[in-house]
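Overview (structure and organization)
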Amino acid sequence: MTITRFAPSPNGPLHLGHAWSAIVGHDRAKADDGAFLLRIEDIDGVRSRPELADAFRRDLEWLRLDFREVAPQSQRIATYRDAADSLRAMGLLYPCRCTRTEIAAAATRMGPDGPVYPGTCLHRPIAPAPGVVWRLDMEQATDLCGPLTWLDERRGEQQARPEVFGDVVLWRKDAPASYHLAATLDDAADGVTCVTRGLDLFHASHVHRLLQALLGLEVPVWHHHSLLVEADGRKLAKRRDAPALSDRRLAGEDGRAVAAELRHGLLDTGISFADTLFQSA
Ligand code: GLU
């Protein structure tokens, strides 16, 4: 049975790009008589606004998407901690106290998420203390796992290249686990068989594949869908005030019709689908 999920972060209202993502996940699961899950990714303590989660549920209902909600990330922290402990016990995590500015100044290459960490703290003795993050020793981790592949339903088999990210942060100081660790563990725990999400997260799947190998998790397939972009080619974004689904819902628009338009590629003026690989925001 195909199990897909939609995993929004409650740091701003959902917009048409989210509706598209949810529709892709929903329709992919339902085509196989499968299940479509909603998971609220609410562990970003700084930006998370828990009151938005209820609007997300109403938005999916408004679009007439049949979903089953699973535990939000805030209820899964013990699992994240256990996984980080195992990776630490394997000698694959190291503490780091570099600031963003220090990293930007010392980095010698760019990765999908910006400057790649140059490994400054890798051989420094750093006491694990509040304010310290934990990074994955990418070289050791990839050596341990050997070559890995993963399958994107739309783009075919991929060689995993997690090294493009360098030593990613897996344990944060402001939110417990990083997106990479939390989402990978959740997808496995929720039995997700097909990870549907936007092309902006395509490269993240390299890291997720590596974490699955390190932690002995089931490996799903991926389906990275096209993104909705504005006339200037930039993707719709909460922080650039893309119109909220909840405003359209509360104004009495018909959500079923909005979903049908998206499925048929009939987009609002100035918005189009883009099928190119984007860097993560
Ligand atoms: N929580 C992420 C977001 O809102 C989605 C992560 C994912 O689908 O893997 O962008």
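A brief look at the structure comes next. Just so it is clear, the structure is predicted and the values come from calculations on it, not from any experiment.

1. A look at the packing of aromatic side chains
- Under the counting rule described, the total for this entry stands at 3 aromatic pairs.
- Look at Trp150 and Phe202: their rings are 5.1 Å apart centre to centre, the planes differ by 55°, and that puts the pair in the tilted class. Of this pair, Trp150 sits in strand β8 (residues 149-152) while Phe202 sits in the loop between β11 (194-198) and α7 (204-215), placing them 52 residues apart in sequence. Phe202 shares its class with Trp150; the two are buried.
- Centroid distance Trp150 to Trp222: 5.2 Å. Interplanar angle 65°. Geometry classified as edge-to-face. Here Trp222 lies in strand β12 (residues 221-225) and Trp150 lies in strand β8, a separation of 72 residues in the sequence. In this structure, Trp150 and Trp222 share a single accessibility class: buried.
- In textbook terms, an aromatic cluster arises when at least three aromatic residues are bridged by ring pairs, as seen for Trp150, Phe202 and Trp222.
- Over the ring of Trp134 we find Arg88; its NZ or CZ atom is 4.2 Å from the centre of that ring.
- One cation-aromatic arrangement involves Arg135 over Tyr117; the distance from NZ or CZ to the ring centre is 3.8 Å.

Calculation rules
- Residues numbered from 1 in each chain as written.
- Predicted model: local features only at pLDDT ≥ 70, side-chain atom pairs only at ≥ 80, totals over all residues.
- Heavy atoms only, no water.
- Phe/Tyr/Trp six-rings, centres within 6.5 Å; stacked < 30°, edge-to-face > 60°.
- Helix = DSSP H or I, 4+ residues; strand = E, 2+ residues; numbered from the N terminus.
- Buried < 20%, exposed > 50% of the residue type's maximum accessible area, 1.4 Å probe, protein only.
- Lys NZ or Arg CZ within 6 Å of the ring centre and 35° of its normal.

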